[in-house]
Amino acid sequence: MNILRRFYCRLYQTIFRIAIPFLPYRSPEIVDLKDLDSVLAENKITSLCVITDGNLRGMAEKIVSGLTASCHIYDKTMPNPTIAQVEDARAFYLQKGCDGLLAIGGGSVMDLAKVVGARIVRPKKTVEKMAGLLRIRKKIPPLITIPTTAGTGSETTLAAVITDEKTHHKYPINDFCLIPHYAVLEPSLLAGLPKGLTATTGMDALTHAVEAYIGRSTTKKTRKASLLAVRLICQNLLRSYEHPEDLTARKNMLEASHQAGIAFTVSYVGYVHAIAHSLGGQYGIPHGLANAIILPILLEAYGPSCVRKLAALAKEGLVADDGDDDKLAARKFIDFIYDLNGKMGIPRHIPQIREEDIDRMASFADKEGNPLYPVPKLFDKKELETFYRIIRGDENE
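Below or above, wherever it landed, is the structure these notes cover. (Residues numbered from 1 in each chain as written. Predicted model: local features only at pLDDT ≥ 70, side-chain atom pairs only at ≥ 80, totals over all residues. Heavy atoms only, no water.)

### A few points about the overall build of the protein
This is how the line gets drawn: Secondary structure elements are defined from DSSP: runs of H or I of at least 4 residues count as helices, runs of E of at least 2 residues count as strands, and each element is numbered from the N terminus. As a reference, a globule follows 2.2 Å times the number of residues to the power 0.38, and the radius of gyration itself is taken over C-alpha atoms. When accessible area is computed with a 1.4 Å probe and restricted to protein chains, residues below 20% of their type maximum are described as buried, those above 50% as exposed, and intermediate ones as partly exposed. Residue burial considers only the protein chains on display, and all accessible areas are found by Shrake-Rupley using a 1.4 Å probe. Charge assignment: positive for Lys and Arg, negative for Asp and Glu; neither His nor the chain ends contribute. Positions of charges follow a simple convention, taking NZ of Lys, CZ of Arg, CG of Asp or CD of Glu.
The helix and strand inventory of the protein stands at 15 helices and nine strands. Here the C-alpha atoms of the protein give a radius of gyration of 20 Å, agreeing with the 21 Å that 2.2 N^0.38 yields for 397 residues. The C-alpha extent of the protein, read off along each of the three principal axes, is 60 × 45 × 45 Å. With 397 residues in all, the protein has 60% of them scored as buried. A total accessible area of about 16300 Å² is found for the protein, and carbon and sulfur atoms account for 55% of it. Across the protein, the centroid of the 50 positively charged side chains sits 6 Å from that of the 45 negatively charged ones.

### Brief notes about the layout of surface pockets
Rules: Cavities and pockets are found on a 1 Å grid laid over the protein atoms alone: a cavity is a set of points where a 1.4 Å probe fits but cannot escape, a pocket is an open set with protein on both sides within 12 Å along at least five of seven lines, and a lining residue has an atom within 4 Å of such a point. Grid points are joined across faces, edges and corners, and a volume is the space filled by probe spheres set on the points. Gly is put with the polar residues, along with every residue not named as nonpolar or charged; the nonpolar set is Ala, Val, Leu, Ile, Met, Phe, Trp, Tyr, Cys and Pro, and the charged set is Asp, Glu, Lys and Arg.
Reported here for the largest pocket is a volume of approximately 1100 Å³. Every residue lining the largest pocket is counted, 49 residues in all, and those nearest its centre are G106, G107, S108, T152 and T201. Looking at the lining of the largest pocket, the elements that each hand over two or more residues are α5 (107-121), β7 (159-164), β8 (169-174), α7 (195-214), α9 (247-267), α10 (271-283) and α11 (287-302). No other element matches α7, which puts five residues into the lining of the largest pocket. Class assignment of the residues belonging to the lining of the largest pocket gives a composition of 23 nonpolar, 22 polar and four charged. Here the second largest pocket defines a volume of roughly 430 Å³. Lining of the second largest pocket is provided by 18 residues; of these, A131, G132, P172, K367 and E368 occupy positions nearest its centre. Elements with a contribution of two residues or more to the lining of the second largest pocket: β5 (132-133), β8 and α14 (355-369). In terms of residues, the lining of the second largest pocket owes the most to one element, β8, which gives five residues.

### A short note on helix α3 (residues 57-64)
Along an α-helix, residues three or four positions apart point the same way, because every turn accommodates 3.6 residues. Put simply, the rule is: This arc describes the spread of directions from the helix axis toward the C-beta atoms. In this analysis, two residues are considered to be in contact whenever any of their non-hydrogen atoms come within 4.5 Å of each other.
Among all positions in α3, only A60, I63 and V64 are buried. Buried residues along α3 cover an arc of 85 degrees about the axis, so they all sit on one side. Against the buried residues of α3 lie α2 (36-42), β2 (47-51), β3 (70-74), β4 (100-105) and β6 (143-147).

### Some words on the environment of I162
With respect to the helices and strands, I162 occurs in strand β7. Considering only alpha carbons, one finds I162 and G100, 62 residues apart in sequence, at a separation of 21 Å. Beyond its immediate stretch of four places on either side in the chain, I162 contacts P81, T82, I83, V86, D111, V115, V127, H169, K170, Y171 and I173.

Structure representation (structure tokens):
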């Protein structure tokens, strides 16, 4: 990256870091399933739009069966939700005369619910015009979230990602009004989660915690949250994968995901996410899977710029010994990620990446990451292109 653009990126990030204490960050109120009726009454919600996916419809019906409000279930959410799905769900909300939102599912469901809320209060602003930072700036309808995966942390973040089905581009949308108002963290809902989803969503949470911690916009609170998330993930993800009915491990992973969400919603993520979003938009690759594959590759590429911080994460997760020097501990942490991926059946490469798509995807990643993400080391579009070939498995990169 040339020196002028490097200066601009770091100046932009410094301004945001200075502004953090003055920005209206908040966390959702954590409630139990048994409290849902009280929440609805408190918010005067009489007609609830329940957003979920087809696989979770039975669970959603069971959860809302005893509620006094009218509940209307929208179960068409797909992985990597699209602009068309946002408009379809918005029409459903309006048709049923809803005045509140309940999202039951993983990150895709919660992203869809957030942007539906945004389109309800901003009917004249398209999803494309909401992309970026603070483009909504209006309170959305009351939003309750019930995560059924331990990965995205979307129940506590200001972020949503929607795919343009025509251009295959993912739009990250960030605004304080998208932070959900309530969250239910119930580990029993994760007991039947398939092993593949347990693995990729767990690695998504790890990516959030790591990128937030190694970035240059951390605070005392986000560092503490990231360290806790990494410790819980290192000690519980593989156990959740191997023992799906272990509710203690599931509870710990839900807490890890939540803490990682707290960390990255303030301190942001990095190029792992920027590249993963481009791969998801172009090929439909699940976000957590892409993050899992990309994370160790980018950590190696960052080199000395984050060795000290990776060493701290390694020791917090008991991946390295207290007596290890920083370089050795950082190496152990990266090797731990490769090893954990392997034990959970996550591949090392994405061979379907086409050469003719790399220029376009790198442009999207560059635009998303620079200047917003306070990464430990800056890369421009040309440098980012190299990572797609490494991720594809090219030996000469």
